[in-house]
Amino acid sequence: MPPSLFRLVAAAICAVSLVLADDPINPGFPYGSQKVRGVNLGGWLVLEPWITPSLFDNTGNPQIIDEWTFGQFQDRGTALAALQNHWNTFITEGDFAAIAAAGLNHVRLPIGYWAFDVSRGEPFIQGQLPFLNNAVTWARNHGLKLIVDLHGAPGSQNGFDNSGQKKSFPEWQTSQDNIDRTNNIIKQLATMFRDQSDVVTAIAPLNEPAGFDGDQILSVTQQYWFDSYGNIRFPFGSSQQGNNVVLIHDAFQSLSFWSDFMPAPQWQGVAMDTHIYQMFSDDEVARSNQDHINNACSRAGDLSSFHLWLIVGEWTPAQTDCAKYLNGRGVGSRFDGTFPGSPGVGSCNGLTGSASTFSQSFKTFLRQYWEAQVTTYEQGSGWIMWTWKTEQADEWSYQAGLANGWIPRDPTQRQFPGICG
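What counts and how
Residues numbered from 1 in each chain as written. Predicted model: local features only at pLDDT ≥ 70, side-chain atom pairs only at ≥ 80, totals over all residues. Heavy atoms only, no water. UniProt positions renumbered as here; feature names shortened; annotations may be inferred. Salt bridge = Lys/Arg side-chain N within 4 Å of Asp/Glu carboxyl O. Helix = DSSP H or I, 4+ residues; strand = E, 2+ residues; numbered from the N terminus. Buried < 20%, exposed > 50% of the residue type's maximum accessible area, 1.4 Å probe, protein only. Phe/Tyr/Trp six-rings, centres within 6.5 Å; stacked < 30°, edge-to-face > 60°. Disulfide = S-S within 2.5 Å. Pairing = 2+ DSSP bridges. Axes fitted to C-alpha atoms, helices over the stretch in contact; angles between N-to-C directions. Contact = heavy atoms within 4.5 Å. 1 Å grid on protein atoms, 1.4 Å probe; cavity = no way out; pocket = protein on both sides within 12 Å on 5 of 7 lines; lining within 4 Å. Points joined across faces, edges and corners; volume = space filled by probe spheres on them. Nonpolar A, V, L, I, M, F, W, Y, C, P; charged D, E, K, R; others polar. Parallel < 35°, antiparallel > 145°, perpendicular 65-115°, else oblique. Left-handed = near helix turned anticlockwise from the far one by under 90°.

An unreviewed UniProt entry lists the protein under the name glucan 1,3-beta-glucosidase, with Dendrothele bispora given as the organism. What UniProt states about the protein under its Sequence similarities (unreviewed entry) heading is, verbatim, "Belongs to the glycosyl hydrolase 5 (cellulase A) family." Per UniProt, the comment on the protein under Catalytic activity (unreviewed entry) is "Successive hydrolysis of beta-D-glucose units from the non-reducing ends of (1->3)-beta-D-glucans, releasing alpha-glucose."

Written out as structure tokens, the structure is:
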């Protein structure tokens, strides 16, 4: 179904958004005129085995591969204690202070649907919402803008472990109950933050819906973006508009697929999130370091010409999938050939783990690749690197990059100003 027809459907459901369509909002950040420079707080309120492998390894149970099984296959008191300790210690106000001191202006915070709703008997452990509220306070204290990102939906929107439940196929789109529950959570988020849009400048209604899975999920996702717009833009139960930006995701489709989707002035305060990684296929991990840099640089034209504010909301200076559990707990890497069916490229030694094992030439590459990407992504509206902190995959960590010199203390500083020609 073409986007134009979806707009008609959306208009019937949320006509008020079209009545007031040309009434601009006042975001808490000057998107489009000032660049987004930020970092994700991955692995904090949504578990990912590769970010905190110790949480999973300490269970001693190989069946525990995601946050769903973390609550399902161990004593719930034990699980709750482990999570409460993690929530209290993995990210603190000190991290927000360090992020601000690094010259960044945004934090993107993933949270799962289960923080709000386990009414269908899901085994998730709840307790995340006080920490979400802490994050808002800490962002305010340190002059940072916060994007609240719904990272997992009922049924899983992509089957990834970072959706909360690893599955062979996404099932979010197959059930109206799943979709309705997700819409209700967005309404809750919009209500929570409608009066704090000076700090919570954007709400991302859903991370990475698996558009590659077929037409059904793409159709459901497009309609869900329209519904989310109505829920976020009109959170007061009246025609009064809220100022939180609606940050939709490209669902792994090309930017041309979304050409003219939700344009201004009919739609106010809509931004597009795209995620750029170069390690989740055999072809990508086989690229040379220079090929990785060239590929990043080649994206400038598409990013600069898109009709919405365009933020690269996830990316990394890592160029391999060598990080332990990156492809899932107990799953190997394409780079070293331990991923099922992958031929392998070489050894992962010195390409993941502690920065103390990284050669100077690898650190130089990380700096070059980081600069190539931020330079390119600022051809759009900016960037948010994945991720701030990891237990043992320093090549992915902004914090480790700062400490070890491949990320500058000033994100506008360039050692390689001509990296993209």
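Further notes follow.
Enquirer: Just to check I follow, could you spell out the pattern of salt bridges for this structure?
Expert: Where side chains of opposite charge bring their charged atoms close, a pairing between them can arise. According to the stated counting rule, one finds 14 salt bridges in the structure shown. Note that Glu 122 and Arg 181 form a salt bridge whose closest N and O atoms lie 2.8 Å from each other. Of this pair, Glu 122 sits in the loop between β2 (106-112) and α7 (129-141) while Arg 181 is found in helix α8 (residues 176-193), placing the two residues 59 residues apart along the sequence. The class of Glu 122 is buried, set by a relative accessible area of 10%. Two residues, Arg 194 and Asp 195, come together in a salt bridge whose shortest N-O distance is 4.0 Å.

Enquirer: What is the right way to look at the packing of aromatic side chains in this model?
Expert: Each pair of aromatic rings is reported with the distance of its centres and the angle of its planes. One pass over the full model with this rule turns up 34 aromatic pairs. With a centroid separation of 6.4 Å and an interplanar angle of 20 degrees, the aromatic rings of Phe 160 and Phe 212 are classed as stacked. Of this pair, Phe 160 sits in the loop between β3 (145-152) and α8 while Phe 212 sits in the loop between β4 (202-204) and α9 (215-233), placing them 52 residues apart in sequence. On the basis of relative accessible area, Phe 160 is assigned to the partly exposed category, the value being 28%. Ring centres of Phe 358 and Phe 362 lie 5.0 Å apart, and the angle between their planes is 80 degrees; this geometry places the pair in the edge-to-face category. With a relative accessible area of 6%, Phe 358 lands in the buried category. Taking relative accessible area as the criterion, Phe 362 reaches 5% and is therefore assigned buried.

Enquirer: When you look at the state of the cysteines in this model, what are you seeing that I'm missing?
Expert: Disulfides are covalent bonds that link the sulfur atoms of two cysteine residues. One pass over the structure, following the stated rule, counts 2 disulfides. Between the sulfur atoms of Cys 297 and its disulfide partner Cys 420 the distance amounts to 2.0 Å. Disulfide Cys 297-Cys 420: torsion about the S-S bond near -75 degrees, hence left-handed. One end of the pair, Cys 297, is in helix α11 (residues 289-297); the other, Cys 420, is in the segment after α14 (398-404), with 123 residues separating them in the sequence. For Cys 297, a relative accessible area of 15% puts it in the buried group. Sulfur-sulfur distance for the disulfide between Cys 322 and Cys 348 comes to 2.0 Å. Disulfide Cys 322-Cys 348: the torsion about the S-S bond is -75 degrees, which places it as left-handed. In this pair, Cys 322 is assigned in the loop between β7 (309-314) and α13 (360-377) and Cys 348 in the loop between β7 and α13, connecting sequence segments 26 residues apart. For the residue pair Cys 322 and Cys 348, the accessibility class agrees, reading buried in each case. For the protein, numbering the cysteines in disulfides from first to last along the sequence yields the connectivity 1-4, 2-3.

Enquirer: In this structure, what is going on with the sheet that holds β7? I would like to understand it.
Expert: Note: strands within a sheet are paired through backbone hydrogen bonds, in either parallel or antiparallel orientation. Pairing in this closed barrel of 8 strands is parallel, and the strands run β1-β2-β3-β4-β5-β6-β7-β8 around the ring. Taken over all neighbouring pairs, the strand axes of this sheet differ in orientation by 25 degrees on average, direction set aside. For β3 and β4, the ladder comprises 3 bridges, and the chain directions are parallel. When the bridges of β4 are listed, Val 148 appears paired with Ile 203. The strands touched by α9 are β3, β4, β5 (245-249) and β6 (270-275); relative to β5, the strand with the most contacts, the crossing angle is about 165 degrees.

Enquirer: Sorry, what's going on with the layout of surface pockets here?
Expert: Rolled over the atoms, a probe sized like a water molecule indicates the empty space that remains. What the largest pocket holds in volume is close to 1,000 Å³. Along its surface, the largest pocket is lined by 42 residues, and Phe 160, Glu 208, Phe 252, Tyr 277 and Phe 280 are the ones closest to its centre. Sorting the residues of the lining of the largest pocket by element identifies β6 and α12 (300-304) as the ones contributing at least two each. Residue composition of the lining of the largest pocket, grouped by class: 16 nonpolar, 14 polar and 12 charged.

Enquirer: It is not clear to me how the packing of α11 against α13 should be interpreted in this structure. Could you clarify?
Expert: For any two helices packed against each other, one specifies the inter-axial angle together with the distance between the axes. At a closest axis distance of 8 Å, the pairing of α11 and α13 adopts a crossing angle of 10 degrees. Considered as vectors, α11 and α13 are oriented roughly parallel to each other. Note on packing geometry: the crossing formed by α11 with α13 is left-handed. For the pair α11 and α13, the contacting residues are Asn 289, His 292, Ile 293, Ala 296 and Cys 297 in the first and Phe 365, Gln 368, Tyr 369, Ala 372, Gln 373 and Thr 376 in the second. Grouping the amino acids of the contact of α11 with α13 by side-chain chemistry returns 6 nonpolar, 5 polar and no charged.

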